[in-house]
Amino acid sequence: MYWLILLAVAWILGFPQASLAQDNAACLGCHEVEGTKISFPDGALDVTINAKKFAASVHKDFTCTTCHTNHTGYPHPPRTATSRRAYQVLAQQICATCHADQAQIFDLSVHGRGVRMGLGDVPLCASCHTAHAVIKPKSAAFRNNIPEVCGNCHADEAVMTRYGLRPVYQAYVEEFHGVTTRLYRLVTPAIRSPSAVCYDCHTAHTVRRVADPLSPVAPGNLVATCRTCHTKAGRFFATAWTEHRAPSLRHSTLVYLVQVFYLILIPGVVAVLVILTGMDMWHWAVTRWGGRA
Amino acid sequence: MRRRGGPAVERFSIAQRIEHFVLLLSFNILALTGLPQKYSGTGWAQRLIEVFGGIEITRLIHRTFAVILMVQGLYHLAAVLASRTRSVRRHDMHLSLQDLHDMIGDMKFMTGRNRERPRFGRFDYRQKFEYWAVVWGTVLMAATGLIMWFPALVTQWLPGVVIPASRVAHGGEALLALFAVIIWHFYNAHFRPAIFPMDPAMFTGKIPLERLQHEHPRELENLEAAGLLPPREPEKADK
């Protein structure tokens, strides 16, 4: 009896599509259920689809099979990928079908090279764009959230250390650009932050190592990159750069010294003022109640 | 209401009182629009910026009142220079070793080791300290603020590190100014038991001779010597 029901469900799900909505509805019959997963030796992959988010995405008019071309029926064809990561890497080819230009330049980037080298932490298309909730990269929602997207990895000390990098997210959000962008994201989310986000300087799909002379943020190119926004930036402008790191004696020394100066001055001045104020109150209290006490 | 009675002399001219009001207004608005930028990661800062209508409007307000404060500072400088030709009440804010002696003497008095309070001039050491703190603070805030406002221009001559350094100094000095005002100014001009809830001199412009005698006796002597005191009436009982 049980297998009959299963067979019936499979038949319904695999029914040739009469319309887009029907086709997607059939898939969502299973994939909308919270916690739908594929199990791999290196972890489970959540394949739940949030229909609402998908309906708000740029791909809302596609059927599931537009991208998942061989998933026309159930049971699905056997998977060739043997790990979760391999499955996700393969899925990039789906994006590349239409977005070939982006896929090609991504391949040349430091992230693309990492993918080819088989590094497990390196971002794939969906790591930044999501798989099924893709929104316009030019939208305010996407732009204002870029630091958080990059921060998924670039705030993580453990991941960064593996590649000889420093986590830079925290320093960025405390910088002028980062403060501005965060305030746009949280206070006026419908307006694009005019302040630099990660990809304005590092580029998005062609991101390179900072030491790479072709990188727009390589020391030799830095001031030219600043000038894409700060058109009249003076020749020393790029030396304002604190390299996404907290100031210290070795880096941004002047900034560090100013920090230390106020760290001493503020409590010092406050202490003197509190003592003088306390003395005056003491004197008043003694004059007033001293005799009787 | 003993303070109100008795003859009084002018302590602050109407121009000085207007200056104080402009300072009061710009200081508060600058703090209100500046602190949420310094603490942009906190919920209260985000709510405050939301009230102003976003970060751009917050910055516009901040810069507008920064300009107002800077113009007022320049006016003050001109007014001080112009007053140098006056015969009395010049150099009242000059700092000297006497102020240090006064401070030590006052501390001895307050702790009961001296019977007499030092005889202060027109402004005592607390008021002078506050005045010069405002001068120093305004100059520093204006300089660091302008550096942050015009980074492209500044870096044609100065190393770029002055920009992040200015940002740290601007925030540190802001905090220092706020603490100084909350502790020092609020206490000396509002919460001191003798004047609570506030010292009216800055708003009425006048100070009763009786208060002058207690708090600024040397000023009283100077005015007397210059013949600037109103005729003393015999003390009357309050109504």
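These numbers come from a predicted model, not from an experiment. Residue positions are counted from 1 within each chain, in the order its sequence is given. Numbering of ligands from 1 and lettering of chains from A proceed in the order in which they are written. Residue-level local features of this predicted model are given only where pLDDT is at least 70; pairs of side-chain atoms are given and counted only at 80 or more, and the full residue set underlies all totals for whole chains, interfaces and linings.

Further remarks concern the overall build of chain A. In this text, helices come from DSSP runs of H or I with a minimum length of four residues, and strands from runs of E with a minimum of two, each type numbered from the N-terminal end. Within chain A, the regular secondary structure consists of 16 helices and two strands. In this description the radius of gyration comes from C-alpha coordinates, and the expected globular size is given by 2.2 Å times residues to the power 0.38. For a compact globule of 293 residues, the expected C-alpha radius of gyration is about 19 Å, and chain A comes in at 28 Å, more than 25% above that figure. Dimensions of chain A along its principal axes, counting C-alpha atoms only, are 100 × 60 × 35 Å. Counting other C-beta atoms within 10 Å of a residue's C-beta gives its exposure: the residue is buried at 20 or more, exposed at 12 or fewer, and partly exposed in between, where C-beta atoms are placed from the backbone. When the 293 residues of chain A are sorted by exposure, 18% land in the buried category. A pair of residues counts as a contact when their C-beta atoms, built from backbone coordinates, are within 7 Å of each other. A sequence separation of at least 24 residues applies to 48% of the contacts in chain A between residues at least 6 apart.

What follows deals with the overall build of chain B. When you go through chain B residue by residue, the secondary structure sums to ten helices and two strands. Listing every helix and strand of chain B by position from the N terminus yields β-α-α-α-α-α-α-α-α-β-α-α. Out of the 239 residues belonging to chain B, those deemed buried represent 27%. Contacts in chain B between residues far apart in sequence, at least 24 positions, make up 70% of those at least 6 positions apart.

Attention shifts here to the domain arrangement of chain A. Here chain A is described as being made up of domain 1 (138-245) and domain 2 (249-276). Either an automatic procedure or a domain database provided the assignment from which the domain bounds are taken. Taken over C-alpha atoms, the centre of domain 1 of chain A sits 29 Å from the centre of domain 2 of chain A.

Once that is clear, we can look at the interface of chain B and chain A. Contacts between chain B and chain A engage 37 residues on the former and 40 residues on the latter. Listing elements by their share of the side of chain B that touches chain A, those giving two or more residues are helix 2 (43-52), helix 4 (97-110), helix 6 (151-154) and helix 7 (162-191) of chain B. By residue number, the principal contributor to the side of chain B that touches chain A is helix 7 of chain B, which donates 14 residues. Ten residues, namely Ala, Val, Leu, Ile, Met, Phe, Trp, Tyr, Cys and Pro, are considered nonpolar, four, namely Asp, Glu, Lys and Arg, are considered charged, and the remaining ones, Gly among them, are considered polar. Classifying every residue of the side of chain B that touches chain A by side-chain character gives 24 nonpolar, ten polar and three charged.

Considering every residue of chain B, the mean pLDDT works out to 90; 93% of them sit at 70 or more. ipTM for the predicted complex: 0.89, alongside a pTM of 0.87. The predictor reports its confidence for every residue as pLDDT, a score running from 0 up to 100.

A few words on the packing of helix 3 (residues 55-82) of chain B against helix 5 (residues 125-149) of chain B. Residue and element names in this part refer to chain B. Relative to each other, helix 3 and helix 5 sit at 135°, their axes nearing to 11 Å. Looking at the two axes, helix 3 sits oblique to helix 5. Two packed elements cross with a definite hand, and for helix 3 against helix 5 that hand is left-handed. Within the contact between the two elements, helix 3 uses R63, A66, L69, M70 and G73 and helix 5 uses T138, A142, G145 and W149. Each axis is a line fitted through C-alpha atoms, and for a helix only the stretch in contact is used; angles between axes span 0 to 180 degrees, taken between their N-to-C directions. Between 65 and 115 degrees an angle is taken as roughly perpendicular, under 35 as roughly parallel, over 145 as roughly antiparallel, and anywhere else as oblique. In this scheme the crossing of two helices becomes right-handed for a clockwise turn of the near helix relative to the far one and left-handed for an anticlockwise turn of less than a right angle.

With an omega dihedral of 0°, the bond running from A:Y74 to A:P75 counts as a cis peptide bond. At the junction of B:F196 and B:P197, the peptide bond is cis and its omega measures out at 5° in the coordinates. As for its position among the elements, B:P197 is in the loop between helix 7 and helix 8 (201-204). The phi dihedral of A:T130 is positive, around 65°, even though this residue is not glycine. You can see A:T130 is positioned in the loop between helix 8 (125-129) and helix 9 (140-144). Of note in the backbone geometry, A:H244 takes a positive phi value of approximately 50° without being a glycine. Checked against the element boundaries, A:H244 lands in the loop between helix 15 (222-226) and helix 16 (253-289). Since 17 C-beta atoms lie within 10 Å of it, A:H244 is described here as partly exposed.

It is worth spelling out the environment of B:N222 at this point. Take B:N222: it is sitting in helix 10 (residues 217-225). Each C-alpha atom of the pair B:N222 and B:G121 lies 8.6 Å from the other, and the pair is 101 residues apart in sequence.

Before going further, it helps to spend a moment on the domain arrangement of chain B. All names here are of chain B. Looking at chain B, the domain boundaries give domain 1 (12-85) and domain 2 (94-228). Once you take the C-alpha centre of each, domain 1 and domain 2 turn out to be 18 Å apart. In this complex, domain 1 contributes 14 residues to the contact, which on the side of domain 2 involves eleven residues. Listing elements by their share of the side of domain 1 that touches domain 2, those giving two or more residues are helix 1 (14-38) and helix 3. Here the side of domain 1 that touches domain 2 takes seven residues from helix 1, the largest share from any one element. Considering only residue class, the side of domain 1 that touches domain 2 consists of seven nonpolar, four polar and three charged.

Quick look at the nonpolar core now. Think of a nonpolar core as buried Ala, Val, Leu, Ile, Met, Phe, Trp, Tyr and Cys residues chained together by C-beta atoms that fall within 7 Å. If you look at the biggest cluster of nonpolar residues, it comprises 15 residues, and the most contacted ones within it are B:V162 and B:A165. Broken down by element, this core gets its largest block of residues, five residues, from helix 7 of chain B. Excluding its chain neighbours within four sequence positions, the residues that come into contact with B:A165 are A:L254, A:V255 and A:V258.

So, on to the environment of A:G114. Residue and element names in this part refer to chain A. Mapping G114 onto the fold places it in helix 7 (residues 110-116). Take G114: there are 15 C-beta atoms within 10 Å of it, and that puts it in the partly exposed class. Separated by 154 residues in the primary sequence, G114 and G268 place their C-alpha atoms 52 Å from one another. Sequence-distant contacts of G114, that is, excluding residues within four places in its chain, are made with L119 and V122.

Glancing now at helix 10 of chain B. Residues and elements named next belong to chain B. Those residues of helix 10 not exposed but buried are E219, L220 and L223. Buried residues along helix 10 cover an arc of 100° about the axis, so they all sit on one side. In helix 10, the exposed positions that point more than 90 degrees away from the buried face belong to E224 and A225. Two residues or fewer past helix 10, G227 is found with a positive phi of approximately 70°. Here the arc refers to the directions that run from the helix axis out to each C-beta atom.

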